[in-house]
Amino acid sequence: MTWTTLDTWIVATGMVTAAACALVGNFLVIRRMSLMGDAISHAVLPGIAAGFLLSGTRHPLPVFAGAVMAGLCTAFFTEWIHRKGRVEESSAMGVVFTSLFALGLVMIVRAADTVDLDPGCVLYGSIELSPLDTVAVAGLTMPRAFATGLFVLLLNAVVIGLFYKEFKITSFDPELATALGIPARRMYYLLMTLVAVTTVASFETVGSILVIAMLIVPAAAASIASVRLGRVILWSLVFAAVSAAAGHVAAITVPGWFGFIDTSTSGAMAVAAGGVFTGVLLFAPEQGLLARIRHQRALKIRVEVEDTLGQLHRWHEEYPAPGGAPGMVELAGRMAGSHVDTPRLVARLRRLRLVKPGGTDRIELTEEGRERAASVVRDHRLWERYLVDKMKLPADHVHATSEQLEHVTDPGLRRELRKAAAGADVDPHGKRIPD
Amino acid sequence: MDTGEVIDALARLLTLADHNTRVVLIGAAILGVAAGIMGSFMMLRRRAMISDVVSHAALPGIVAAFMITAGWPGGGKHLPHLLAGALISGLAGMACVHLITRYSRIKEDAALGIVLSVFFGFGVVLMGMAQRMRTGSAAGLDTFIYGKTASMLAGDAWLMAGAALVVVVVCLALFKEFRLLTFDAEFARAQGMPVHVLDGVMTALVVMVTVIGLQAVGLILMIALLIIPPSAARFWTDRLGVLVALSAAIGGFGAVTGAALSAVFPSTPAGAVIVLVCAMVFVISLVGGTRRGLARSVVRRLRLAGRMERQHLLRSLYEAIEPECPDIAAAPESSIPMVNAHDLATLRRWPLRRLQSMLRAAARDRDVSLDAWPLIRLTGPGLRHARSVVRNHRLWEWYLISHADIAASHVDRDADEIEHVLGEDMVVELERTLALAGERAVPESPHPIAAVPAGEDGR
C-alpha cells in the first residue's frame with residue numbers, strides 16, 4: 001500500500017461529507033424517516049434533467065437547483081399524499097420517489113438526442129477521482145468535493161445550532177411542539193431542505209451510496225451509544241469520520257488479499273459504517289448486546305446466590321444447634337425446585353467468602369454471609385407481610401411473589417415495608433422477620 | 001419516427017405478431033400481477049419499503065454469483081445463477097433487519113436503511129473488484145439497476161413467469177392465513193398458527209418477486225410495482241379480497257400497457273414507462289377513488305354543508321312562525337303562516353342573495369313554497385322536516401343544560417354544531433335521558449327566540 005496526498009484528500013473529503021450527512025441524519029432517524037435520504041437521492045433525477053434541459057448547459061448551478069427542488073417535491077408530495085389521501089407514510093414515499101425517478105429516466109432518454117447526459121455519471125460521482133478536480137478557496141487549493149463537503153457541514157451545523165431546540169422538540173413530539181407554538185411543519189420542511197441540499201451536493205461529488213449510508217448508519221449506531229441527543233449527535237460525527245477513514249484504508253488494502261488492486265472507496269466506506277454499527281451494537285457499554293447479556297447473567301447469578309443464602313438461613317432457623325449446618329446433599333434437596341447446580345453455586349459462595357467449610361462437609365455461613373442471608377429472608381418476609389396486610393392476598397399465595405421481590409428491594413423500599421409492617425415481627429406464616 | 005411507423009408498430013403489437021412482443025407482454029403481465037398481490041400485504045403491514053431494501057440488498061448476491069460462476073464453463077452472466085445469488089443476499093438482508101430490530105432498540109425504518117446501504121455498499125465493493133477480473137466481463141451487470149424489459153429473452157421470460165406463478169399460487173393457497181397475519185398477528189398466534197413461519201414465507205415471496213422483477217424493470221422501478229398498485233387500490237375498497245384483486249389488476253395493466261407503449265416508441269425505457277402508467281392510475285385513484293378519494297371527501301363535505309344550511313333555514317322559518325301557530329300538527333297546509341324573506345334575512349344576517357339561493361334549493365325539494373314572494377310558506381312535508389330539526393336542536397340544548405351544566409344562554413351555539421349529525425339512535429337516547437320518550441311534541445326552547453315579524457335585531 002502506498003499512501004499519497006491523494007489518499008489524504010480522499011479521506012478528508014469522505015470525513016467532511018460523512019459528518020455533514022450524519023448531522024442531519026440524526027433527525028431523520030429520530031423521526032423514523034430514515035429512508036428519506038434514499039428516496040431523495042433517487043427522486044432528484046427529473047430535477048437534474050429539467051435543470052439540463054432548461055438551461056441547455058452542463059453548468060452545475062441550474063442542475064443543483066433542479067435537484068434540490070425535486071428533492072423538496074419528494075418531501076412535499078409524500079407529506080401531502082400521506083395527510084390528504086390517508087396513505088401510510090412509507091407507502092406514500094415509495095409512490096412519490098419511484099414515480100419521480102421513472103419520470104427522470106424518461107426525460108433523460110427522450111432528451112438524449114439534444115443533450116449529452118449519462119444518468120450513471122450524473123448520479124454516481126466518484127470519490128476516487130475527486131482530488132483531481134480542485135478549486136482555490138481563500139488562497140488554498142483543495143478538491144472541489146472537499147470544499148463542498150465542508151461547506152455543507154458548516155451549513156448544517158449552523159442551521160441545526162440555531163434551531164437546536166426547535167428541531168429537537170419537533171422531531172420527538174410534533175404535537176407538543178405545535179402546542180408550544182413552534183411551527184412543526186415549517187421545521188419539517190427546513191430539515192428536508194437540509195437533507196435535500198446535503199444529499200444533492202454530496203452525491204454529485206462522492207456518489208449516492210455513501211450519502212445514503214452516512215445519513216442513517218452513524219446516527220443509528222449513535223442512538224445505541226447514548227440516549228442524550230447532544231451526545232448522540234457527537235457520537236454520530238465520530239462514527240461517520242471513523243467509517244470514512246477506515247473505509248478508504250480497507251478499499252486499498254483488503255482487495256489485495258484476494259489478488260485485486262483496489263475497489264470502490266464509497267462502497268467500502270458504507271461497509272465500514274456497517275462494521276462500526278455492528279461493533280457498537282455488540283460492544284456498547286450500556287445498550288450493547290454483550291453488555292445486556294452480561295447484565296442479565298449477573299442478575300441471574302445474584303438471584304441464585306441470594307436464594308441459596310435464604311435457604312441456609314432457613315436451615316439455621318430449623319436447626320439452631322451450633323454446628324448444625326447442612327451438607328451439600330441436604331442443601332441440594334432444599335434447592336431442588338429451582339434448577340440450579342448446587343455444588344457450583346456453593347463454590348461461588350465460597351469464592352465470595354459468604355460460606356466456609358464447616359466440620360464433616362458442612363456448609364457454614366460466614367459473618368458476612370449470615371448478614372446477607374438475614375437480609376434476604378427479611379425482605380422476603382416483609383413482602384409477605386405487606387402483601388397479606390395491605391394487598392389483602394391470602395397467606396398461601398404470597399410466597400412466589402415475595403421470592404421475586406426480595407431480589408429487587410433497596411434500603412428505601414425496605415424502610416417503607418418496615419413502616420407498613422407496623423411493628424409486626426413475624427410473617428403471615430408465623431416465622432420471625434430477622435432484624 | 002413518423003406516424004406511419006407508429007401505426008405499423010401498433011398494429012404489430014395488437015396482433016401480437018412478434019414472438020418477442022408476446023414474450024415480453026406475458027412476462028410483464030404475470031410479474032405485475034404477482035407484485036400487485038404481494039404488495040397489498042406489504043402495504044397493509046406497513047412494510048412497503050421492504051422491496052426497496054431487498055432490491056438494494058440483492059446487488060452483492062448478484063455480483064458474488066457472477067464472480068463465483070465466471071470461471072465455470074458456460075458460466076458468467078447466466079440468469080438463474082444471478083437470481084439465486086440475489087435471492088440469497090436479499091433473504092440475508094431481511095434476516096439482518098429482523099435481527100437488528102429484535103435485539104436492539106433500533107426502529108424498523110432505520111434497520112431497513114442500514115441494511116439497504118451497507119449491503120448495497122458491499123455490492124459496489126464487489127463490483128469494483130469484478131470489473132477487474134480477467135475471466136468473463138462484468139459489463140451488463142448494471143442492467144439490473146436500470147432494467148431492460150424490451151430485450152427480455154424467451155428463456156428469461158419463462159423463468160420469470162414460472163417464479164411469479166409460484167408466488168401467486170402460494171399466496172392464494174395461504175390467503176386466509178396471510179389475512180389473519182396481516183390484521184391481527186396476536187390473534188393468529190393465539191389460534192395456534194405458526195406465525196413466524198408464515199411471516200418468513202411471506203417475506204420470502206416478496207424477496208422472490210423483487211428479485212425476478214429486478215431483471216425486467218430494474219432495481220428502483222421494481223419497488224414501484226410493489227408499492228404503487230396496492231396504494232392506488234386502497235382508494236377504492238376496504239375489503240382485503242377486493243384490494244388484492246384490484247391491486248393485481250392494476251399491476252398487470254400497468255406492466256402490459258407500459259411494455260406495449262415502450263414497444264411502440266422504441267426510445268422509451270420500458271421499466272420507467274410501466275411505473276409512469278402505474279403512477280397515472282394512482283393519481284386517478286387518489287382523486288376519484290370511491291372509498292378514500294379526494295373528490296369523494298370534497299363532495300361529502302359540500303353535501304354536509306348543504307344539509308346544514310337547509311336545516312338552519314328550516315329552523316329559522318319554524319321558529320319564526322312558532323308563536324303564531326301553536327297547533328301546527330293539525331292545521332291544513334294553507335293555514336301555515338308565512339314569513340317575509342326580507343325580515344328573515346335581516347334577522348339571521350344572511351345576505352339576501354344567499355337566502356334566495358337557499359330558498360330556491362329548498363323549493364326544488366318542496367320544503368317551502370315561494371308562490372307569494374317575498375312571503376315564504378313552509379309546505380306540509382317541509383313543516384314536518386323543520387319540526388324534527390328544531391326538536392333535535394332543543395333536545396340537545398336541554399341535554400346540555402341538564403347533563404353537561406352549560407348555561408342556557410350558551411347552549412344554542414353548541415347545539416348548532418351537533419344537531420346536524422344526530423342519528424336516530426342518538427335522538428332516542430336523548431329522549432330517554434330527558435324523560436321525553438313517546439312525546440312527539442317539540443320541547444320549548446330554553447332561551448328566548450328573536451321574533452321575525454318585529455324585525456328587530458334579535459341576537
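Rules behind the numbers
- Residue numbers here run from 1 along each chain, matching the order of that chain's written sequence.
- Both sets of labels track the order of writing: A upward for chains, 1 upward for ligands.
- Where local features are concerned, this predicted model is filtered to residues with pLDDT of at least 70; where side-chain atom pairs are given and counted, the filter is 80 or more; whole-chain, interface and lining totals use all residues.
- In computing side-chain values, all of the structure's heavy atoms are included and hydrogens and water are not.
- Comment: elements are numbered from the N terminus, with helices defined as DSSP H or I runs of at least four residues and strands as E runs of at least two.
- Burial classification: accessible surface area is computed with a 1.4 Å probe over protein chains only, and a residue below 20% of its type maximum counts as buried, one above 50% as exposed, and the rest as partly exposed.
- Contacts are residue-level and defined by heavy atoms, with any inter-residue pair within 4.5 Å sufficient.
- To be clear on the numbers: accessible area is Shrake-Rupley with a 1.4 Å probe, and residue cover counts the displayed protein chains and nothing else.
- With C-alpha atoms as the basis for the radius of gyration, the globule rule is written as 2.2 Å multiplied by the number of residues raised to the power 0.38.
- Charge assignment: positive for Lys and Arg, negative for Asp and Glu; neither His nor the chain ends contribute.
- The location of each charge is read from NZ of Lys, CZ of Arg, CG of Asp or CD of Glu.
- Pairing between strands is defined by DSSP: at least two bridges between the two strands are required.
- Along the arc lie the directions from the helix axis toward the C-beta atoms.
- Under this scheme, a helix contributes an axis fitted over its contacting stretch, all axes are lines through C-alpha atoms, and angles between N-to-C directions fall in the 0 to 180 degree range.
- Note on angle classes: values under 35 degrees are labelled roughly parallel, values over 145 roughly antiparallel, values of 65 to 115 roughly perpendicular, and the remainder oblique.
- Classification convention: Asp, Glu, Lys, Arg as charged; Ala, Val, Leu, Ile, Met, Phe, Trp, Tyr, Cys, Pro as nonpolar; all other residues, Gly among them, as polar.
- In this analysis, the protein atoms alone were mapped onto a 1 Å grid. Cavities are point sets where a 1.4 Å probe fits without being able to get out; pockets are open sets with protein on both sides within 12 Å along at least five of seven lines; lining residues have an atom within 4 Å of a point.
- Grid points are joined across faces, edges and corners, and a volume is the space filled by probe spheres set on the points.
- By definition, the buried area sums, over both parts, the 1.4 Å-probe accessible area that each loses when the two are put together.
- Only one rule defines a salt bridge in this text: a Lys or Arg side-chain nitrogen within 4 Å of an Asp or Glu carboxyl oxygen.
- Under this definition, polar contacts are N or O atom pairs within 3.5 Å; protein pairs additionally need one hydrogen-donor-capable and one acceptor-capable atom, and for neighbouring residues in sequence, both atoms have to be side-chain atoms.
- Nonpolar cores were defined as sets of buried Ala, Val, Leu, Ile, Met, Phe, Trp, Tyr and Cys residues, with membership established by side-chain atoms within 4.5 Å.
- Pairing of aromatic side chains requires ring centres within 6.5 Å, counting the rings of Phe and Tyr and the six-membered ring of Trp. Pairs whose planes differ by under 30 degrees are stacked, by over 60 edge-to-face, and all others tilted.
- Note on geometry: a ring has a charge over it if NZ (lysine) or CZ (arginine) is within 6 Å of the ring centre and within 35 degrees of the ring normal.

Peer 1: For this particular structure, what's the right way to read the overall build of chain B?
Peer 2: On a plain count of helices and strands, chain B comes out with 19 helices and three strands. Burial statistics for chain B: of 459 residues in total, 50% are counted as buried. At a minimum sequence separation of 6, the contacts of chain B that also span at least 24 residues come to 73%. Put simply, chain B shows about 21100 Å² of open surface, and 61% of that area lies on carbon and sulfur atoms.

Peer 1: I would appreciate a short explanation of the overall build of chain A in the present structure.
Peer 2: Looking only at helices and strands, one finds 19 helices and four strands in chain A. In terms of C-alpha radius of gyration, chain A reaches 32 Å, well past the compact-globule figure of 22 Å for 435 residues. C-alpha extents for chain A along the principal axes are approximately 105 × 55 × 40 Å. Here chain A holds 435 residues, and the buried ones make up 51% of them. Put simply, 67% of the contacts in chain A that link residues at least 6 apart link residues at least 24 apart. When the accessible surface of chain A is summed, it comes to about 20300 Å², and 63% of that surface belongs to carbon and sulfur atoms. Charge-centre separation for chain A: the mean point of 41 positive side chains lies 5 Å from the mean point of 39 negative side chains.

Peer 1: Just checking my understanding: could you explain the pairing of strand 2 (residues 140-143) of chain A for this structure?
Peer 2: Where a strand is regular, its side chains alternate between the two sheet faces. Residues and elements named next belong to chain A. Here strand 1 (residues 134-137) runs beside strand 2; their pairing, made up of four bridges, is antiparallel. Bridge pairing links V135 to M142 in strand 2. Linkage of strand 1 to strand 2, two consecutive antiparallel strands, is achieved through a turn of two residues, within which A138 is found at a positive phi near 50 degrees.

Peer 1: Could you clarify how one ought to interpret helix 16 (residues 342-351) of chain A in this entry?
Peer 2: Each full turn of the α-helix corresponds to 3.6 residues, which orients residues three or four apart in the same direction. Residue and element names in this part refer to chain A. Those residues of helix 16 that sit buried are T342, L345, V346 and L349. Here the buried residues of helix 16 occupy an arc of 100 degrees about the axis, which is enough to place them on one side. Packed against the buried residues of helix 16 are helix 14 (289-318), helix 15 (328-334), strand 3 (355-357) and strand 4 (363-365). Immediately beyond the C-terminal end of helix 16, within one or two residues, lies R353, with a positive phi of roughly 55 degrees.

Peer 1: Got a minute to help me understand the packing of helix 14 (residues 294-321) of chain B against helix 17 (residues 380-403) of chain B in this structure?
Peer 2: For any two helices packed against each other, the geometry is given by the interaxial angle and the distance between the axes. Residues and elements named next belong to chain B. Running from N to C, helix 14 and helix 17 cross one another at 95 degrees; their axes reach a closest spacing of 8 Å. As far as their axial angle goes, helix 17 and helix 14 are roughly perpendicular. Of the residues in helix 17, those touching helix 14 at Q311, L314, R315, Y318, E319 and I321 are G382, L383, H385, A386, R387, V389, V390, H393 and R394. A per-class count over the contact of helix 14 with helix 17 returns seven nonpolar, four polar and four charged.

Peer 1: Help me out: how do you make sense of empty space enclosed by the protein in this one?
Peer 2: To find leftover empty space, one rolls a probe the size of a water molecule over the atoms. Residues and elements named next belong to chain B. This structure, assessed with the given rule, holds two cavities of 30 Å³ or more. Roughly 30 Å³ of internal volume is contained in the second largest cavity. V23, I26, G27, A157, W158 and A161 together form the lining of the second largest cavity. Listing elements by their share of the lining of the second largest cavity, those giving two or more residues are helix 2 (19-44) and helix 7 (154-173). Looking at the lining of the second largest cavity residue by residue, the class counts come to five nonpolar, one polar and no charged.

Peer 1: So what exactly am I meant to see when it comes to the interface of chain B and chain A here?
Peer 2: Interface size is commonly expressed as the accessible surface area that is lost when the partners come together. Every contact between the two is made by 52 residues of chain B and, on the other side, 59 residues of chain A. Taken together, both faces of the contact between chain B and chain A bury some 4600 Å²; the carbon and sulfur share is 74%. In this assembly, chain B and chain A are joined by one salt bridge. Residue E88 of chain A is joined to R46 of chain B by a salt bridge in which the shortest nitrogen-to-oxygen separation is 3.9 Å. Along the contact surface separating chain B from chain A lie eight residue pairs in polar contact (both at pLDDT 80 or more). Mapped by element, the contributors of at least two residues to the side of chain B that touches chain A are helix 3 (50-69), helix 4 (79-103), helix 5 (108-130), helix 11 (219-233) and helix 13 (270-288) of chain B. If you tally residues by element for the side of chain B that touches chain A, the top one is helix 5 of chain B, at 15 residues. Here the side of chain B that touches chain A is built from residues that sort into 35 nonpolar, nine polar and eight charged.

Peer 1: Would you mind showing me how to read the sheet that holds strand 1 (residues 338-340) of chain B here?
Peer 2: The strands that make up a sheet pair up through hydrogen bonds in the backbone, lying either parallel or antiparallel. Across the sheet, which stays open at both edges, the three strands sit in the order 1-3-2 (chain B) with antiparallel pairing between neighbours. Two strands bound the open sheet, and with one partner strand each, they are strand 1 and strand 2 (368-369) of chain B.

Peer 1: Would you take a moment to explain the nonpolar core for this structure?
Peer 2: Nonpolar side chains tend toward joint burial in soluble globular proteins. Ranked by internal contacts, the top residues of the largest apolar core, which has 195 residues, are M36 and F277 of chain A together with M38, F41, I106 and I114 of chain B. Ignoring any residue separated from it by four or fewer positions in sequence, one finds I106 of chain B in contact with A220, S223, I224 and F277 of chain A together with I100, T101, A111 and I114 of chain B. Membership of the second largest hydrophobic core comes to 23 residues, among which are L313, L317, A341 and A345 of chain B.

Peer 1: How do you make sense of the pattern of salt bridges when you look at a structure like this?
Peer 2: Oppositely charged side chains are able to pair whenever their charged atoms sit close together. Here the structure, examined in full by the defined rule, presents 26 salt bridges over all chains. R385 of chain A serves as the salt-bridge partner of D389 of chain A, at 3.0 Å between the closest nitrogen and oxygen. Residue D389 of chain A and its partner R385 of chain A are located together in helix 17 (residues 367-389), separated by four residues, close to a single helical turn. Ionic pairing is found between D367 of chain B and R310 of chain B, a salt bridge with its closest N-O pair at 3.2 Å. Placement of D367 of chain B in the loop between helix 16 (352-364) and strand 2 and of R310 of chain B in helix 14 is noted, with a sequence separation of 57 residues between them. What you see here is one network of salt bridges that share partners, running through R45, R47, E108 and D199 of chain B.

Peer 1: Please explain the side chain of S369 of chain B as it appears in this structure.
Peer 2: Residue and element names in this part refer to chain B. The topology assignment puts S369 in strand 2. Side chain to side chain, S369 and D371 meet in a polar contact 3.4 Å long. Not counting residues within four places of it along the chain, the set of residues in contact with S369 comprises L375, I376, R377 and T379.

Peer 1: What should I look at first to understand the packing of aromatic side chains in this one?
Peer 2: To describe a pair of aromatic rings, you give the distance between the ring centres and the angle between the ring planes. Counted by the stated rule, this structure contains twelve aromatic pairs over all chains. Following the ring pairs from residue to residue traces out a cluster consisting of F76, F77, Y188 and Y189 of chain A. Sitting over the ring of Y103 of chain B, R102 of chain B keeps its end group 4.7 Å from the ring centre.

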